[in-house]
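# Descriptive analysis of the structure
Listed below, chain by chain, are the residues.
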Amino acid sequence: MHRLAEPPAAAPSRDRSGHNALVLVVFTAVTNLADGVLKMALPLMATTLTSSPALVAAVSLALTLPWLLTALHVGVLVDRFDRRLLLWLANGLRLLTLAALLVAWRSDAVTLVLLLVAGAVLGIAEVIALTSAMALTPTAVGPRWRERANAWITGAETVCNEFCGPFVGGLLLAVGSAFALGATAAGYVLATVALVFLLGRFRVPRDAAPQASVAGRIGEGLRYLWRRRLLRLMALVLTVLCSCWGAWLALMPLMATTVLGLGPREYGLLLSALGVGGLVGALTVTTVNRLIGRRWALFADLVGTFAMVITPVLTTELWALAAGAFFGGLGGTLWTVNSRTIAQYLVEPEMMGRYSAVARLFSWGAMPVGAGVAGLLAEMVGMRVAFTAFALAVLITIPPFLRTVTPQVLAGVERARQEQLAEG
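So, a few notes on the structure that sits alongside this text. (Residues numbered from 1 in each chain as written. Predicted model: local features only at pLDDT ≥ 70, side-chain atom pairs only at ≥ 80, totals over all residues. Heavy atoms only, no water.)

## Some details on the overall build of the protein
Let me state the cut-off plainly: The numbering of helices and of strands both runs from the N terminus, where a helix is a DSSP run of H or I of at least 4 residues and a strand a run of E of at least 2. For this measure, only C-alpha atoms enter the radius of gyration; the expected value for a globule follows 2.2 Å times N^0.38, where N is the number of residues. Think of it in three bands: with a 1.4 Å probe and only protein chains considered, a residue is buried below 20% of the maximum accessible area for its type, exposed above 50%, and partly exposed in between. The contact criterion used is simple: two residues touch if any of their non-hydrogen atoms lie within 4.5 Å. Charge counting follows a simple rule: Lys and Arg are positive, Asp and Glu are negative, and His as well as the terminal groups are ignored. By convention, charge coordinates are those of NZ in Lys, CZ in Arg, CG in Asp, or CD in Glu.
Across its full length, the protein carries 16 helices and zero strands. Taken over the C-alpha trace, the protein has a radius of gyration of 21 Å; the compact-globule value for 424 residues is 22 Å, and the two agree within 12%. Across its three principal axes, the protein shows a C-alpha extent of roughly 60 × 45 × 40 Å. Every one of the 424 residues in the protein was classed for burial, and the buried ones make up 57%. Counting only contacts in the protein whose residues sit at least 6 apart along the sequence, the fraction spanning at least 24 positions is 88%. Once the 32 positive and 21 negative side-chain charges of the protein are each reduced to a mean point, those two points are 5 Å apart.

Okay, structure coming up:
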């Protein structure tokens, strides 16, 4: 690491941390409510244009493919520019895309190609927004508030994206697709305004030495993650888990409409089970960590994801599918809160953007791969076989997880936490 030309900004005061945590929760809640509506709306719009599992899955693929194609470059941007400005940029891209979709829908000109392009642009905006928000949080929120803030933010993500978002999306789509798209755009406008109330500076000071090339800085981020065993293992395990989520989200719209015969409102309720589980996880994560420790709280995500993808293999009962989704959401929230907190204690602020981008490249980048593979498998051998393959993939992650995420390793994380607390 080069010596910095100026010291990093001082940690936010206690009062500022609480204020900023509240602003970030509001921003997260509103944007994820809008994201949840879109996550439901675009694939269902695709089902009105085609009955092909591969083509419907392609829309979900377009929403997540930018994690594979742009995440590393976005990470460099986040470590160079003001992270709040990048959040505004992301919301601007979202609003322009929704405006184009609205015009096309009113003109009866929506096509699969348009949905794929819109999904790709919205996916790029999501890469910018989530990477910037992840890197901004440790600067905006001090160490004493961090686990609490992560729980609140993760709770807002899961409840609004996976519970309220799909449920509200079903209601909005029942009124009309144009109305749903317009309401989503209004949500992004409100989130953009909320960022004005963040207090502090959110740009990491430049290095004193000349800036490395973009490729060089990407290489730094890749090496940083790969040389740290715990962070590497978490990224690789999450790669498998996120591929399962990508598969589930890609196949479930077609299963819901063709096998279960669900309409938009009922499908929204099924997706909402993910959010209910996430809400329970957010409300109980501190208690769970205290009772069983971070290790087993993280392990709960392996169990929950397995339950989510194995259930469609065993039954098509709606209540069972909803229960599997509930446990998937519960485990996902426990993992997210703990993994974010661990990273924020171990990763330096000037590396946070590139670390977040690389980690999400491995994990979130797996969602389009999972969606694509699931669509192809479903096309060739059926949806149940596709879900079975992803369930087996989860089981493979258990031995390396248990070997790497040990009490001794997590004790090192706790020491890093105590050092940050001592520094104020």
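Now that the structure is up, let's keep going.
## A look at the packing of aromatic side chains
Our working definition: By convention, a stacked pair of Phe, Tyr or Trp rings (six-membered ring in the case of Trp) has centres within 6.5 Å and planes under 30 degrees apart, an edge-to-face pair has planes over 60 apart, and any other such pair is tilted. Two limits define a charge over a ring: the Lys NZ or Arg CZ must be within 6 Å of the ring centre, and within 35 degrees of the ring normal.
This model, assessed by the stated rule, comprises four aromatic pairs. Geometrically, the ring pair formed by F299 and F401 is tilted, given 5.8 Å between the ring centres and 45° between the ring planes. Taken together, the positions of F299 in helix α10 (residues 264-314) and F401 in helix α15 (residues 398-404) put the pair 102 residues apart, joining distant regions of the chain. Take F299: its relative accessible area is 17%, and that puts it in the buried class. Cluster of aromatic residues (ring-pair linked, three or more members): W296, F299, W335 and F401. Stacked on the ring of W226, the Lys or Arg R232 has its end atom at 5.3 Å from the ring centre.

## Describing empty space enclosed by the protein
The test is simple: Put simply, the grid is 1 Å and covers the protein atoms alone, a cavity is a trapped set of points that fit a 1.4 Å probe, a pocket is an open set with protein on both sides within 12 Å along at least five of seven lines, and lining residues have an atom within 4 Å of a point. Grid points are joined across faces, edges and corners, and a volume is the space filled by probe spheres set on the points. Just so you know the grouping, Ala, Val, Leu, Ile, Met, Phe, Trp, Tyr, Cys and Pro go in nonpolar, Asp, Glu, Lys and Arg go in charged, and all remaining residues, Gly too, go in polar.
With the rule as written, the count across this model stands at three cavities of 30 Å³ or more. Of the pockets and cavities examined, the largest cavity occupies roughly 1,100 Å³. With ten residues, the single largest contributor to the lining of the largest cavity is helix α9 (residues 229-259). Its residues placed into classes, the lining of the largest cavity shows 26 nonpolar, 15 polar and nine charged. By volume, the second largest cavity is sized at about 200 Å³. In terms of lining residues, the second largest cavity is bounded by 18 residues, among which T28, L130, A133, I153 and E157 are the most central.

## Some details on the nonpolar core
Basically, it comes down to this: Nine residue types can take part in a nonpolar core, namely buried Ala, Val, Leu, Ile, Met, Phe, Trp, Tyr and Cys, and a core is a set of them joined through side-chain atoms within 4.5 Å.
By size, the foremost hydrophobic cluster in this structure holds 100 residues, and its most contacted members are W248 and Y355. In terms of residue count, the dominant contributor to this core is α9 (18 residues). The contacts of Y355, once residues within four sequence positions are left out, are Y224, L225, L231, A343 and V347. In this structure, A34, A46, V110 and A185 belong to the second largest nonpolar core, which totals 20 residues.

## A look at helix α2 (residues 53-64)
Using the following cut-off: Multiply 1.5 Å by the residue count of a helix minus one, and that product is the helix's expected span.
Along its twelve residues, α2 runs 17 Å from first to last C-alpha, staying within 8% of the 16 Å computed at 1.5 Å per residue. With nine of twelve residues buried, α2 is to be regarded as a mostly interior element. Inspection of α2 places P53, V56, A57, A58, V59, S60, A62, L63 and T64 among the buried residues, and these make up the whole buried set.

## Overview of helix α3 (residues 66-78)
The cut-off we apply is this: Each residue is assigned a bend, namely the angle between axes fitted to the seven residues that terminate at it and the seven residues that start at it.
Along its 13 residues, α3 runs just 16 Å from first to last C-alpha, ending more than 12% under the 18 Å computed at 1.5 Å per residue. The axis of α3 is deflected most strongly, by about 35°, at L72. Restricting attention to buried positions, one finds in α3 the residues P66, W67, T70, A71, L72, V74, G75, V76 and V78. For α3, the elements touching its buried residues are α2, α4 (83-106), α5 (112-140), α8 (214-226) and α12 (352-363).

## Looking at the packing of α3 against α5
To keep things clear, this is the line we draw: What counts as an axis is a line fitted to C-alpha atoms, over the stretch in contact for a helix, and the angles between N-to-C directions run from 0 to 180 degrees. Roughly parallel means an angle under 35 degrees; roughly antiparallel, over 145; roughly perpendicular, 65 to 115; everything else is oblique. Handedness of each helix crossing follows the sense of rotation of the near helix against the far helix: counterclockwise by less than a right angle gives left-handed, clockwise gives right-handed.
Two elements in contact, α3 and α5, have axes whose closest approach is 9 Å; the angle formed by their N-to-C orientations is 40°. By the angle between their axes, α3 is oblique relative to α5. By crossing handedness, the relation of α3 to α5 is classed as right-handed. The residues of α5 that touch α3, namely those facing P66, W67, T70, A71, V74, G75 and V78, are A120, G123, I124, E126, V127, I128, L130, T131, S132 and A135.

## Comments concerning the environment of L291
For L291, the location among the structural elements is in helix α10. Separated by 97 residues in sequence, L291 and T388 have C-alpha atoms that sit 32 Å apart.

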